[in-house]
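Now for the letters of each chain:
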Amino acid sequence: MTDFGLSKAAEVSFGGYLAARVFVAAAGFIGFSSILAIFFIPTSELKRVFLPIESAKNPDVSYSAKTSYIAAVCALPIVLVAAFLYAEGSAAYIVQSSEYSFAESLIRDKAGVVVAVIDDKYYDPEAVEQIYDDAVAKYDDLTRKSHEAIIDSINDTCNKQIANVDAYLDWYYSLTADYERLAQVFTGTIEDGMREQLANRINEGIDAGAIQSQLDELSSGVNDVEEDLKASLAECEIADIPDWLIIDKREMDLESLTTPPEPTSQLLGFKDRMLASFGAGTVGGVIAGKSTAKLLEKPVFKNISSKLATALARRGLLKTASAGVGSLIAPGVGTAGGIAVGVLTDYLFVKADEAMNREAYREEIIAAINESRDEMIAEVEAR
């Protein structure tokens, strides 16, 4: 009871606990000192305890000690020890008896405890459920905000790419008098050069790190919710409860409690799905590159590249005689032949192509960007 009282005092005030601890220690010391003081009482004083009361009235008269007093003093400790041993044995018997079991049953019916068992520790199940529900609500809110931010970033990326389509087509249709400079800039095949120009011009001004930052914030927020959940669980742990008072145990798994719900896990996996399906790099770069890759698969890219190859072939700027898209560009080769064809002829060809095909090219490029937009949003919303 003393230890229990001290523990409760510690919960209220640490200063009060220290004062109570000092008081208990002092009381014990004083009591023990009083017992030791018996050994310092003179024999004549001890003898007075066993003398008749008349001896106090006549101190000069010699009296003999009363045998009944001595017997009582010796018998009382023996009786006390015997009574304690009997009570201890009786208590042990009662614990095993049906009456005691009935008492336990009665207490369990009125004050029985249901516990949640997590890693061999007891917790308040209602508190655990409330903690988990609060964590799920936080996960849902975090997922909703991150989902909206990522969708907005994808739309922003694709909208900027669409806004850059005209600039890309302007560049392409302005090449009529500058093939020699273009051949000096390009390396490898015409496809490689056009692929590089397409990626640079379509993705100009796009923030590739925005989505990565949003996913990092989502991951950090998930970790914070998990840590808060574990800290709250520690506060609702039930300690020092007898097993017989427990009427039901609900086994729970810590991993299942700390694992984010499916929508949050799916959104966390968006980064891995994008990188696995497209390639290494930042998620923002992958999203920008996905639209570019979609464009490279479309006929519009092959048509533009093929027409540029034909123009370069007329100028003699290809290593091979064919105008194939895969032909290697040869800077400085055959420029005289190119000049012979004439800038005016190229200009007329290009302007005629622009008048007939530019709007169709533009619509096809925008359709490819929107197609990649839909695919990426579907990845974000994957369930």
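Since the structure is predicted, the reported quantities are computational estimates derived from the model, not experimental observations.

Asker: Can you tell me about the confidence of the model for the protein, naming the residues and giving the values?
Answerer: Mean pLDDT over the protein stands at 76; residues scoring 70 or higher make up 73%. Here residues 106–112 scores under 50 on pLDDT; set against residues more than four positions off or in separate chains, the count is 10 contacts. Here residues 332–341 is a poorly scored stretch, pLDDT under 50, and it has 18 contacts once near neighbours within four places are set aside; other chains count.

Asker: Summarise the packing of helix α1 (residues 2–12) against helix α2 (residues 14–36); cite the residues concerned and give the values.
Answerer: Packed helices, taken two at a time, are described by the angle their axes make and the gap between the axes. Relative to each other, α1 and α2 sit at 155°, their axes nearing to 7 Å. In terms of orientation, α1 and α2 fall into the roughly antiparallel class. For the pair α1 and α2, contact is made by T2, D3, L6, A9 and A10 and by F14, Y17, A20, R21 and V24, respectively. Looking at side-chain class alone, the contact of α1 with α2 contains seven nonpolar, one polar and two charged residues.

Asker: An account of α2 is needed here, citing residue identities and associated values.
Answerer: Because an α-helix packs 3.6 residues into every turn, residues spaced three or four apart end up facing the same way. Taking 1.5 Å per residue, 23 residues should reach 33 Å; α2 reaches 33 Å between its end C-alpha atoms and fits that length. Sitting at the amino-terminal end of α2 is S13, which places a side-chain oxygen 3.4 Å from the backbone nitrogen of G15.

Asker: Kindly report on a nonpolar patch on the surface, identifying the contributing residues and their values.
Answerer: Residues F32, I35, L36, I38, F39, F40, I41 and L46 make up a contiguous nonpolar surface patch of about 870 Å² in total accessible area. With three residues, the top contributor of residues to the nonpolar patch is α2. Position of I35 relative to the elements: it lies in helix α2.

Asker: Please provide a residue-by-residue account of the environment of V380, values included.
Answerer: Positionally, V380 belongs in helix α18 (residues 343–380). Placed 113 residues apart in sequence, V380 and L267 show a C-alpha to C-alpha distance of 6.2 Å.

Asker: Please give an account of the environment of R21 that cites residues and values.
Answerer: Looking at the secondary structure, you find R21 in helix α2. We classify R21 as partly exposed; its relative accessible area is 44%. The sequence separation of R21 and T2 amounts to 19 residues, and the corresponding C-alpha distance is 9.5 Å. Residues within four places of R21 in sequence aside, it is in contact with D3 and L6.

Asker: Describe the pattern of salt bridges, and please don't skip the residues or the numbers.
Answerer: One side chain can pair with another of opposite charge once the charged atoms of both are near each other. What the rule picks out here adds up to 10 salt bridges. For D166, the salt bridge identified is with R362, shortest N-O distance 3.1 Å. Taken as a pair, D166 in helix α8 (residues 165–172) and R362 in helix α18 lie far apart in primary sequence, 196 residues in all. Take D166: its relative accessible area is 30%, and that puts it in the partly exposed class. A residue is classified by how much of its surface remains accessible, and R362, at 24% relative accessible area, is partly exposed. In this structure, a network of salt bridges that share partners links the residues D166, D170, R358, E359 and R362.

Asker: Talk me through the nonpolar core; I want residue IDs and the actual numbers.
Answerer: Membership of the largest hydrophobic core comes to 49 residues, with the highest contact counts inside it found for I154, Y168, M194 and L233. Listed by contribution, the elements that provide at least two residues to this core are β1 (113–118), α7 (125–163), α8, α10 (190–202), α11 (210–235), α15 (283–296), α16 (299–314) and α18. If one sorts the elements of this core by residue count, α7 sits on top with nine residues.

Asker: Now, about empty space enclosed by the protein: what can you tell me, with residues and values included?
Answerer: Remark: the empty space left among the atoms is shown by a probe the size of a water molecule rolled over them. Taken as a whole and assessed by the stated rule, the structure comprises one cavity of 30 Å³ or more. Roughly 40 Å³ of volume is contained in the largest cavity. Along its surface, the largest cavity is lined by Y168, L198, L295, V300, F301, I304 and I365. Looking at the lining of the largest cavity, its residues break down into seven nonpolar, no polar and no charged.

Asker: For the packing of α8 against α10, give the residues involved together with the corresponding values.
Answerer: Two elements in contact, α8 and α10, have axes separated by 9 Å at closest approach and are oriented at 140°. Classed by the angle they form, the pair α8 and α10 counts as oblique. Here the hand of the crossing between α8 and α10 comes out right-handed. In this structure, α8 uses V165, Y168, W171 and Y172 to contact α10, whose residues at the interface are M194, Q197, L198, R201 and I202.

Asker: Break down a negative patch on the surface for me, citing the residues and quoting the values.
Answerer: Taken together, D119, D120, E251, D253 and E255 make up a surface patch of like negative charges. Counting through the fold element by element, D120 comes out in the loop between β1 and β2 (121–123).

Asker: Could you give me a rundown of the layout of surface pockets, with the residues and numbers involved?
Answerer: Counted as a void, the second largest pocket has a volume near 180 Å³. Lining the second largest pocket, in full, are K47, R48, L51, P52, S55, A56, N58, P59, V61, S62 and Y63. Within the residue set of the lining of the second largest pocket, elements represented by two or more residues are α3 (43–49) and α4 (54–57). Its residues assigned to classes, the lining of the second largest pocket shows six nonpolar, three polar and two charged.

Reading the values: rules and limits
- Residues numbered from 1 in each chain as written.
- Predicted model: local features only at pLDDT ≥ 70, side-chain atom pairs only at ≥ 80, totals over all residues.
- Heavy atoms only, no water.
- pLDDT = per-residue confidence, 0-100.
- Contact = heavy atoms within 4.5 Å.
- Axes fitted to C-alpha atoms, helices over the stretch in contact; angles between N-to-C directions.
- Helix = DSSP H or I, 4+ residues; strand = E, 2+ residues; numbered from the N terminus.
- Parallel < 35°, antiparallel > 145°, perpendicular 65-115°, else oblique.
- Nonpolar A, V, L, I, M, F, W, Y, C, P; charged D, E, K, R; others polar.
- Expected span 1.5 Å × (residues − 1).
- Polar contact = N/O pair within 3.5 Å; in protein donor to acceptor, adjacent residues only side chain to side chain.
- Patch = residues over 30% accessible without salt bridge, like charges linked within 9 Å, V, L, I, M, F, W, Y side chains within 5 Å.
- Areas by Shrake-Rupley, 256 points an atom, 1.4 Å probe, with all protein chains shown as cover.
- Salt bridge = Lys/Arg side-chain N within 4 Å of Asp/Glu carboxyl O.
- Buried < 20%, exposed > 50% of the residue type's maximum accessible area, 1.4 Å probe, protein only.
- Core = buried A, V, L, I, M, F, W, Y, C linked by side-chain atoms within 4.5 Å.
- 1 Å grid on protein atoms, 1.4 Å probe; cavity = no way out; pocket = protein on both sides within 12 Å on 5 of 7 lines; lining within 4 Å.
- Points joined across faces, edges and corners; volume = space filled by probe spheres on them.
- Left-handed = near helix turned anticlockwise from the far one by under 90°.
- Lys, Arg positive; Asp, Glu negative; His and termini not counted.
- Charge placed at Lys NZ, Arg CZ, Asp CG, Glu CD.

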